[in-house]
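Geometric and topological summary
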Amino acid sequence: MERLRPLNLEEQLFATQNHNLVYTFLQEKDLSEDVFYDIVIFGYMRAVQEYVSKKRFREYAFSTIAWKRMESSVSAYWRYLAAPVRYATTVSIYEPIGDDADLTWENVLSRKDDQMLQLETRELIKELENKLPKREMNVVRMKAAGYKMHDIAKHEHLTFQEINELLANCREDIIHILRGDERRDAV
């Protein structure tokens, strides 16, 4: 089926002459004009375009073609409304879970799980160890553990500038690992 396009002059005249079919269809199908006019008019316009532009449709009465197209539009509308996505269960995050009035979905979703956080941290550290050179990894590990620049410089025998350069060099790697991207292999 072709896409609907603006009606040309001949189609506009033909549509105007036969427009009463839309109201007859709505009345016979007992469909509210307020709700269904905008639905069936597209089927009607499609019928106009087909009937005027394609000779093979002219072996039938225009009303037959228009009726079928308008019925098709109404059927498509009912299928649209019946789609399962429109009947999804909605749950408020403030709704109590089970019989426990103190436990809501908000509490469950926002609750921190320390064990899971530790596991995720260990996994990220492992991945960083596979990506970063040993010296950068040592600096990152110390920085993450809360060591001051002075302590890192003393322990790693580096200047503040060298530490800042190492951290700048690995910043993109860390960001990519946190996002789950691949970047560079360890040197």
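Residues numbered from 1 in each chain as written. Predicted model: local features only at pLDDT ≥ 70, side-chain atom pairs only at ≥ 80, totals over all residues. Heavy atoms only, no water.

1. Notes on the overall build of the chain
Per the secondary structure count, the chain includes 9 helices and 2 strands. For the chain, the sequential pattern of α-helices and β-strands runs α-α-α-α-β-β-α-α-α-α-α. Relative to the compact-globule value of 16 Å for 187 residues, the chain shows a C-alpha radius of gyration of 34 Å, a clear excess of over 25%. C-alpha extents for the chain along the principal axes are approximately 95 × 50 × 20 Å. Within the chain, contacts between residues at least 6 apart in sequence are counted, and of these 50% link residues at least 24 apart. With the model as given, the accessible surface of the chain reaches about 13,800 Å², and the carbon-plus-sulfur share is 52%. Separation of charge centres in the chain, based on 27 positive and 32 negative side chains, amounts to 6 Å. (Helix = DSSP H or I, 4+ residues; strand = E, 2+ residues; numbered from the N terminus. Rg over C-alpha atoms; globule rule 2.2 N^0.38 Å. Contact = heavy atoms within 4.5 Å. Areas by Shrake-Rupley, 256 points an atom, 1.4 Å probe, with all protein chains shown as cover. Lys, Arg positive; Asp, Glu negative; His and termini not counted. Charge placed at Lys NZ, Arg CZ, Asp CG, Glu CD.)

2. A closer look at helix α3 (residues 33-53)
In this model α3 runs 28 Å from its N-terminal to its C-terminal C-alpha over 21 residues, within 8% of the 30 Å that 1.5 Å per residue would give. Taking the largest bend as the criterion, α3 deviates by roughly 30°, centred on I39. Where α3 begins, the side chain of S32 points an oxygen toward the backbone nitrogen of D34, at a separation of 3.3 Å. (Expected span 1.5 Å × (residues − 1). Bend = angle between axes of the 7 residues up to and from the residue. Polar contact = N/O pair within 3.5 Å; in protein donor to acceptor, adjacent residues only side chain to side chain.)

3. A short note on a nonpolar patch on the surface
Where nonpolar side chains cluster on the molecular surface, the patch consists of V91, I93, Y94, W105, V108 and L109 and spans about 590 Å² of accessible area. The topology assignment puts I93 in the loop between α4 (62-82) and β1 (96-97). (Patch = residues over 30% accessible without salt bridge, like charges linked within 9 Å, V, L, I, M, F, W, Y side chains within 5 Å. Salt bridge = Lys/Arg side-chain N within 4 Å of Asp/Glu carboxyl O.)

4. Section: the packing of aromatic side chains
Given two aromatic rings, one states the distance between the centres and the angle between the planes to describe the pair. Scanning all chains against the criterion turns up 9 aromatic pairs. Aromatic side chains F36 and Y77 sit 5.6 Å apart centroid to centroid with 80° between the ring planes, which places their arrangement in the edge-to-face category. Of this pair, F36 sits in helix α3 while Y77 is found in helix α4, placing the two residues 41 residues apart along the sequence. Among the residues examined, Y77 registers a relative accessible area of 23% and is labelled partly exposed. (Phe/Tyr/Trp six-rings, centres within 6.5 Å; stacked < 30°, edge-to-face > 60°. Buried < 20%, exposed > 50% of the residue type's maximum accessible area, 1.4 Å probe, protein only.)

5. Examining the packing of helix α6 (residues 114-131) against helix α9 (residues 160-179)
Running from N to C, α6 and α9 cross one another at 135°; their axes reach a closest spacing of 10 Å. In terms of orientation, α6 lies oblique with respect to α9. Handedness of the α6/α9 crossing: right-handed. For the pair α6 and α9, the contacting residues are L124, E127, L128 and K131 in the first and I174, I177 and L178 in the second. Classifying every residue of the contact of α6 with α9 gives 5 nonpolar, no polar and 2 charged. (Axes fitted to C-alpha atoms, helices over the stretch in contact; angles between N-to-C directions. Parallel < 35°, antiparallel > 145°, perpendicular 65-115°, else oblique. Left-handed = near helix turned anticlockwise from the far one by under 90°. Nonpolar A, V, L, I, M, F, W, Y, C, P; charged D, E, K, R; others polar.)

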